[in-house]
Amino acid sequence: IDANPPRTADSLEELTHANHFHEHRSGRQSRSGLFVAGLVMAAAIALGALAVCVQGKYVVEGKAGYTEPLNLYVVVIASPGERKSAVMQEVVGPIRRYEKQVNEQMAPTLRENQAKRKDLQRQITRLEKRLERTADPELELELKDCEYQLEDLPELKSVRYYADDCTPEALTSLLCANNGIFS
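Residues numbered from 1 in each chain as written. Predicted model: local features only at pLDDT ≥ 70, side-chain atom pairs only at ≥ 80, totals over all residues. Heavy atoms only, no water.

**Considerations on the pattern of salt bridges**
Thought 1: On inspection of all chains with the given rule, the structure shows one salt bridge.
Thought 2: Where Glu-112 meets Lys-116, a salt bridge forms, and the shortest distance between an N and an O atom there is 3.2 Å. Within this pair, Glu-112 and its partner Lys-116 are both found in helix 3 (residues 84-133), separated by four residues, close to a single helical turn.
Thought 3: Note on Lys-116: relative accessible area 44%, which makes it partly exposed. (Salt bridge = Lys/Arg side-chain N within 4 Å of Asp/Glu carboxyl O. Helix = DSSP H or I, 4+ residues; strand = E, 2+ residues; numbered from the N terminus. Buried < 20%, exposed > 50% of the residue type's maximum accessible area, 1.4 Å probe, protein only.)

The structure is reproduced here in structure tokens:
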């Protein structure tokens, strides 16, 4: 039990000012400074986790006629040993469990979707090869029909609601895979 528990603050500004003062006065970070830094880090990560809950539900109109999904990207930068990973695990644990549950429930649907798409792609390839040998209007109609069916059958993927520790290139791919909606 800490005999001198960290004081409470009325605002984030007061918390960060207290932390800054403590570090510079003593030349090292005090226990209350660590508490404050941990609290601010946890709050930032929690804000990012809350953003997962509203992703894809709202759009922002930056200028007339231009909209994009509301997304929040949070980056936590801290020195090694400041428990970034532990805090992240604690905050995003429920999201990971929910993702896993949704993906387990969707697994049969995903397999069926993949099988249908693969079957249509095989039919298209087979029809294209047959049409190379002979021009047949009926085969052309069948090919067009298969292509329309494939186009109308979206490729379903496992859900992924957030990313931690990814490169800008990976983030771009994740945004693309999730229709521009990602946290």
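**Focus on helix 3**
The α-helix winds at 3.6 residues per turn, so residues separated by three or four positions along the chain end up facing the same way.
Thought 1: The terminal C-alpha atoms of helix 3 lie 62 Å apart, and with 50 residues this falls more than 12% below the ideal 74 Å at 1.5 Å per residue.
Thought 2: The largest bend in helix 3 amounts to roughly 50° and is located at Val-92, with the proline Pro-94 lying one to four residues further along. (Expected span 1.5 Å × (residues − 1). Bend = angle between axes of the 7 residues up to and from the residue.)

**Section: the pairing of strand 2 (residues 66-69)**
Thought 1: Relative to strand 2, strand 1 (residues 59-63) is paired through four bridges, and the arrangement is antiparallel. Paired with Glu-61 across the two strands is Thr-67, which belongs to strand 2.
Thought 2: Remark: two residues form the turn of the hairpin made by strand 1 and strand 2, two consecutive strands paired antiparallel; Gly-65 in that turn has positive phi of roughly 85°. (Pairing = 2+ DSSP bridges.)

**A closer look at a positive patch on the surface**
Thought 1: Where like charges cluster on the molecular surface, the positive patch consists of Arg-126, Lys-129, Arg-130 and Arg-133.
Thought 2: Here Arg-133 is to be found in helix 3.
Thought 3: On the accessibility criterion, Arg-133 (68% relative accessible area) is exposed. (Patch = residues over 30% accessible without salt bridge, like charges linked within 9 Å, V, L, I, M, F, W, Y side chains within 5 Å. Areas by Shrake-Rupley, 256 points an atom, 1.4 Å probe, with all protein chains shown as cover. Lys, Arg positive; Asp, Glu negative; His and termini not counted. Charge placed at Lys NZ, Arg CZ, Asp CG, Glu CD.)

**Structural notes on the side chain of Arg-117**
Thought 1: Looking at the element boundaries, Arg-117 is found in helix 3.
Thought 2: Although Arg-117 is buried, it forms no salt bridge, and the closest oppositely charged side chain is Glu-155 at an N-O distance of 4.4 Å.
Thought 3: Polar contacts involving the side chain of Arg-117 include one to the main-chain carbonyl oxygen of Leu-150, which spans 3.3 Å.
Thought 4: Those residues in contact with Arg-117, other than ones at most four positions away along the chain, are Leu-150, Leu-153, Pro-154 and Glu-155. (Polar contact = N/O pair within 3.5 Å; in protein donor to acceptor, adjacent residues only side chain to side chain. Contact = heavy atoms within 4.5 Å.)

**A few points about the layout of surface pockets**
The probe, sized like a water molecule, is rolled over the atoms to show the empty space still left.
Thought 1: The space that makes up the second largest pocket amounts to roughly 460 Å³.
Thought 2: Lining the second largest pocket we find 19 residues, and of these Gln-55, Val-159, Arg-160, Tyr-161 and Asn-178 sit closest to its centre.
Thought 3: Looking at the lining of the second largest pocket, the elements that each hand over two or more residues are helix 2 (31-54), helix 3 and helix 5 (168-177).
Thought 4: Tallied by class, the residues present in the lining of the second largest pocket amount to eleven nonpolar, four polar and four charged. (1 Å grid on protein atoms, 1.4 Å probe; cavity = no way out; pocket = protein on both sides within 12 Å on 5 of 7 lines; lining within 4 Å. Points joined across faces, edges and corners; volume = space filled by probe spheres on them. Nonpolar A, V, L, I, M, F, W, Y, C, P; charged D, E, K, R; others polar.)

Geometric values such as these leave the question of function open.
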